[in-house]
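What the coordinates show
Residues per chain are reported as follows:
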Amino acid sequence: MSDQLPVVVIGAGPAGLAAAAHLVERGVEPLVLEAGPAAAAAVREWGHVRLFSTWGEVTDPAAERLLAPTGWTKPAPDTYPSGAEWAALYLQPLADVLGDHVRYGAKVTGVSRSGRDRVVDADRDKQPFVLHFTTADGAEQRVLARAVIDASGTWTTPGPAGAGGLPALGEKAAADRITHRVPDLEDPVVRARYAGRRTAVIGSGASAFTALAALADLADDEPGTHAVWILRRGISGSTFGGGEADELPARGALGLAAKAAVDNGYADAVTGFRTEAIDRDTDGRLVLVGEDGRRLDPVDEAVVLTGLRPDLTFLSEIRLGLDERLQAPLALAPLIDPNQHSCGTVYPHGHRELSHPEQDIYLVGMKSYGRAPTFLAMTGYEQVRSVTAAIAGDLESADRVELTLPETGVCGGSGLTGAPAAGQDHEGGCCAPAPELVQIGISTPAAAAAEEPSTGECC
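About the cut-offs
Residues numbered from 1 in each chain as written. Predicted model: local features only at pLDDT ≥ 70, side-chain atom pairs only at ≥ 80, totals over all residues. Heavy atoms only, no water. Helix = DSSP H or I, 4+ residues; strand = E, 2+ residues; numbered from the N terminus. Buried < 20%, exposed > 50% of the residue type's maximum accessible area, 1.4 Å probe, protein only. Contact = heavy atoms within 4.5 Å. Areas by Shrake-Rupley, 256 points an atom, 1.4 Å probe, with all protein chains shown as cover. Axes fitted to C-alpha atoms, helices over the stretch in contact; angles between N-to-C directions. Left-handed = near helix turned anticlockwise from the far one by under 90°. Nonpolar A, V, L, I, M, F, W, Y, C, P; charged D, E, K, R; others polar. Phe/Tyr/Trp six-rings, centres within 6.5 Å; stacked < 30°, edge-to-face > 60°. Lys NZ or Arg CZ within 6 Å of the ring centre and 35° of its normal. Pairing = 2+ DSSP bridges. Expected span 1.5 Å × (residues − 1). pLDDT = per-residue confidence, 0-100. Core = buried A, V, L, I, M, F, W, Y, C linked by side-chain atoms within 4.5 Å. Salt bridge = Lys/Arg side-chain N within 4 Å of Asp/Glu carboxyl O.

**Quick notes on the overall build of the protein chain**
Scanning the protein chain for helices and strands turns up eleven helices and 17 strands. The burial tally for the protein chain puts 55% of its 459 residues in the buried class. Considering only intrachain contacts with a sequence separation of at least 6, the fraction spanning at least 24 residues in the protein chain is 71%. Carbon and sulfur atoms form 51% of the exposed surface of the protein chain, whose accessible area is close to 19,200 Å².

In structure tokens, the structure reads:
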């Protein structure tokens, strides 16, 4: 009877829709529950940002086969989509062809075994999953499932400004002047918020690069616009990526744009600064206070880009096996540990690395990586191919690796808001070797720079 139930996929983003496509191809009924009003709701929120992966790296083979009869044409594989283009030209058409298999406005609030909380052992594996969700009008509903694929991502749970993983004192009270997203400075309302003002950018990954580059462009047009780049560590030669030597040209261009923002005086870098509190001055501006007692000059706005983390609250009745540091599946965590791996050294993996003590539930896509910043779209598509094969009972296919990457990997993620430079070859890798440490701005000893991996994205 359980085999007659659908496989419920949480999230209609890239990994979730690819999982549904693979299930359809195998004759297994999927039901995709998407909290937003359309497919790829999270991607649309950063739609103004351009990926530094090409179209050839961000579509799934099973999804392409499902789309082919509709007359869908894949965009030029060597071009770079923005988030909005990814959603409009691929993800929404894929959701449309899946039709009634996708349900919008359905926010999952809990998952358990039917009639069994996480403590009960008796006949646990024989019970179907039950998922509770709320609809757009606030009604509560539930659905039974034979298996669950959680592809809900990490977008809704950004990291705080506080260096200890908790919000800094005063951070919540200052929410009116803080954003956790790369500002869309093409939007007149957003542009007015930052034009002619002083903005703190907290973070050290690709999103922070994008924000710094965008604010530098704004400063060219709007006198008085200035950024203060807050880093918990020092700055090394690899902080900005590989530059012109980066094997992923768009990522290299992004890093160079962020470096130029500092070199040209559009941004000041403050290194070794761990935010402990955010105060207000008499004008309501924000004053960042460090653990070492330093108080920075006031800023009008703060853009906090300190990474993302998985929302595990609605899985509290499920027996998950998660690494205590990364919050990723136990067998996967050593493969993606940012202390040891870049996105280019993560080996393709599948259902076995993604399994949990609770059978037939899988975290895939960005969510499977927990707090690790090394995720790439192509690896996510291999995850769902393996997981759906396992659910369908095809262990031979599930155990087979069907993804071939260049030695240094192929990375995806946020890139320039405009088109990357043309005329550059695109061969894969993303992470350059680390030259000696270079300190700029207010510095700390070099040893502080090696304390922790970057909280920004490698890919």
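**Quick look at the packing of helix H1 (residues 14–25) against helix H10 (residues 377–391)**
The contact between H1 and H10 brings their axes to 9 Å, and the two run at 35°. Note that H1 runs across H10; the crossing there is right-handed. Between H1 and H10, the residues in contact are Pro 14, Ala 15, Ala 18, Ala 19, His 22 and Leu 23 and Tyr 381, Val 384, Arg 385 and Thr 388, respectively. Taken together, the residues of the contact of H1 with H10 break down into seven nonpolar, two polar and one charged.

**Some details on the packing of aromatic side chains**
Taken as a whole and judged by the stated rule, the model has four aromatic pairs. Both rings, one in Phe 209 and one in Trp 229, keep their centres 6.3 Å apart while their planes meet at 75°; by these two values the pair is edge-to-face. Residue Phe 209 is located in helix H6 (residues 206–221), and its partner Trp 229 is located in strand S10 (residues 226–230); the two are separated by 20 residues in the primary sequence. Its guanidinium or amino end placed over the ring of Phe 129, Arg 113 lies 4.0 Å from that ring's centre, counting from NZ or CZ.

**Some words on the sheet that holds strand S12 (residues 267–270)**
Strand order across the open sheet formed by five strands is S8-S15-S9-S10-S12, with parallel pairing between neighbours. The sheet is open, and its two borders are formed by strand S8 (178–179) and S12, each paired with just one other strand. Bridging between S10 and S12 involves four bridges; their strand directions are parallel. Bridging across to S12, Ala 227 finds its partner in Ala 267.

**A closer look at H10**
A rise of 1.5 Å per residue sets the reference length of H10, with its 15 residues, at 21 Å; its end C-alpha atoms lie 21 Å apart and thus fit the reference within 8%. Counting buried residues along H10, 14 of its 15 residues qualify, which places the element largely inside the surrounding structure.

**Considering the confidence of the model for the protein chain**
Of all residues in the protein chain, 83% attain a pLDDT of 70 or more, and the chain-wide mean is 86. Across residues 406–413, where pLDDT falls below 50, the model places 36 contacts with residues more than four positions away in sequence or in other chains.

**Let's talk about the nonpolar core**
In terms of nonpolar packing, the biggest core is built from 81 residues, with Leu 17, Trp 86, Tyr 90, Ile 149, Trp 229 and Val 364 touching the most fellow members. Among the elements that line this core, the one with the most residues is H6, at eight residues. Among all residues touching Ile 149, those that are not within four sequence positions of it are Val 7, Val 8, Val 9, Ile 10, Ala 19, Leu 23, Tyr 362, Val 364, Val 387, Thr 388 and Ile 391. Of all hydrophobic cores here, the second largest spans 19 residues; its members include Ile 10, Leu 31, Leu 312 and Phe 314.

**Quick notes on the packing of H1 against helix H4 (residues 83–98)**
The geometry of H1 relative to H4 is characterised by a closest axis approach of 10 Å and an angle of 35° between their N-to-C directions. Crossing of H1 against H4: the hand is left-handed. Residue-level contacts link Pro 14, Leu 17, Ala 18, Ala 20, Ala 21 and Val 24 of H1 to Trp 86, Leu 91, Leu 94, Ala 95 and Leu 98 of H4. For the contact of H1 with H4, the per-class residue count stands at eleven nonpolar, no polar and no charged.

**With respect to the pattern of salt bridges**
Using the criterion set out here, one finds 23 salt bridges in the structure. Asp 125 serves as the salt-bridge partner of Arg 113, at 4.0 Å between the closest nitrogen and oxygen. Separated by twelve residues along the polypeptide, Arg 113 in strand S4 (residues 107–113) and Asp 125 in the loop between S4 and strand S5 (129–134) bring together distant segments of the chain.

**Considering H6**
Compared with an ideal rise of 1.5 Å per residue, which puts 16 residues at 22 Å, H6 spans 23 Å between its outermost C-alpha atoms and is within 8% of the ideal. Of all 16 residues making up H6, 13 are buried, and the element is well covered by its neighbours.

**A short note on the sheet that holds strand S7 (residues 147–150)**
Taken in spatial order, the five strands line up as S3-S2-S1-S7-S16 in an open sheet, and their pairing is parallel. Among the strands making up the open sheet, the edge pair consists of strand S3 (102–103) and strand S16 (361–363). Pairing between strand S1 (residues 7–10) and S7: four bridges, direction parallel. Opposite Val 8, over in S7, you have Val 148 as the bridge partner.

**Looking at unusual backbone geometry**
The residue Ala 40 is not glycine, and still its phi comes out positive at about 55°. Position of Ala 40 among the secondary structure elements: in the loop between strand S2 (30–33) and helix H2 (41–45). Overall, Ala 40 belongs to the buried group, its relative accessible area being 1%. Even without glycine at this site, Asp 123 takes up a positive phi of about 55°. Locating Asp 123 in the fold gives a position in the loop between S4 and S5.

**Some remarks on the pairing of S2**
Along any regular strand the residues' side chains alternate between the sheet's two faces. Alternating residues of S2 divide into Pro 30 and Val 32 and Leu 31 and Leu 33, and every residue in both groups is buried. Here four bridges tie S1 to S2, and the two strands are oriented parallel to one another. Residue pairing for S2: Val 7 is matched across the bridge by Pro 30. Of the pairings in the sheet, the one linking S2 to S3 comprises two bridges and is parallel in character.

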